[in-house]
There are 2 protein chains.
Amino acid sequence: MSKAVFFHAGCPVCVSAEQNLANAIDPKRYQIESVHLGEDKSRIEEARAAGVKSVPALVLDGSAYHINFGAALSDLG
Amino acid sequence: MSKAVFFHAGCPVCVSAEQNLANAIDPKRYQIESVHLGEDKSRIEEARAAGVKSVPALVLDGSAYHINFGAALSDLG
C-alpha cells in the first residue's frame, strides 16, 4: 500500500481538487491522508521537504504534484 | 463509470505525472484515456474546451486539473 498525502488550505480550488481528483485515487492501492496546512501548520515543513510549493498538492510515493493553484506554501507558514 | 482524460505531450513532467498520478486513479470508477496532444493535434480543441491551458492535465468529470507544468497548450497547437 502506497501513501498519498493531499495538502490543502481549505480554498475553493483545494476543495474542488479534493472532491474530484484526490477522491478518484484508488483506495485499494493508496492510503490517502488529507492535511489542512492552514489548521495544521506543524506539517508545513513536511510538505516543503516533499517539494510542495503551492496547494492543493498531492504527494505520491514521495513526488509532489501541484494541482492547479490555490495558494503559495510561503503564504501559509 | 466516469471518464478521465489525461492530456500530455510526452514531456518528462508529463511522463512522471502519468506514471504516478494518472495511474493512481481508481480503474473501477474511472475509464482513463491518455491523449498525446503532440501526436494527436485533432484533440487540442477538445482539451481547450475543457479548460486545459497546459500539460500534463487531467480532465475529470469535465473539470480540468493541471498537474505541475510541462508545456503550454498554446505551444502545441
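Residues numbered from 1 in each chain as written. Chains lettered and ligands numbered in written order. Predicted model: local features only at pLDDT ≥ 70, side-chain atom pairs only at ≥ 80, totals over all residues. Heavy atoms only, no water.

> Describe helix α1 (residues 12-20) of chain B, with residues and values.
Listed as buried for α1(B) are Cys14(B), Ala17(B) and Asn20(B). The buried residues of α1(B) occupy one face: seen down the axis, they fall within an arc of 150°. In α1(B), the exposed positions angled more than 90 degrees off the buried face are occupied by Pro12(B) and Gln19(B). For α1(B), the elements touching its buried residues are β2 (30-36), β3 (54-60) and β4 (63-72) of chain A together with β1 (2-8), β3 (54-60) and β4 (63-72) of chain B. (Buried < 20%, exposed > 50% of the residue type's maximum accessible area, 1.4 Å probe, protein only. Helix = DSSP H or I, 4+ residues; strand = E, 2+ residues; numbered from the N terminus. Arc of directions from axis to C-beta. Contact = heavy atoms within 4.5 Å.)

> Give me the environment of Asp26(B): which residues, what numbers.
Relative to the helices and strands, Asp26(B) is located in the loop between α1 and β2 (30-36). Classification of Asp26(B) by relative accessible area gives buried; the value is 7%. The sequence separation of Asp26(B) and Phe6(B) amounts to 20 residues, and the corresponding C-alpha distance is 14 Å. Among residues more than four places away in sequence, those in contact with Asp26(B) are Ala24(A), Ile25(A), Asp26(A) and Pro27(A). A distance of 2.9 Å separates the side chain of Asp26(B) from the backbone nitrogen of Lys28(B), its partner in a polar contact. Polar contacts involving the side chain of Asp26(B) include one to the side chain of Arg29(B), which spans 2.9 Å. (Polar contact = N/O pair within 3.5 Å; in protein donor to acceptor, adjacent residues only side chain to side chain.)

> So what's going on with the relation of the copies chain B and chain A? Residues and values would help.
Each copy superposes on the other: chain B lies on chain A with an RMSD of 0.0 Å after a rotation of 180° and an axial shift of 0.0 Å. Within this description, the copies of the chain are treated as partners about a two-fold rotation axis. Both copies present the same face, since 100% of the interface residues in chain B are matched by interface residues at the equivalent positions in chain A. (Least-squares fit on C-alpha atoms with pLDDT ≥ 70 in both.)

> Could you give an account of the interface of chain B and chain A, with specific residues and numbers?
Counting residues at the interface gives 20 residues for chain B and 20 residues for chain A. Across the interface of chain B and chain A, roughly 1600 Å² is buried in total on both sides, 49% from carbon and sulfur atoms. Counting across the chain B and chain A interface gives zero salt bridges. In this structure, the connection of chain B to chain A is made through 14 residue pairs in polar contact (both at pLDDT 80 or more). (Buried area = accessible area lost by both parts, 1.4 Å probe. Salt bridge = Lys/Arg side-chain N within 4 Å of Asp/Glu carboxyl O.)

So far we have only geometry, and geometry alone does not tell us how the molecule works.
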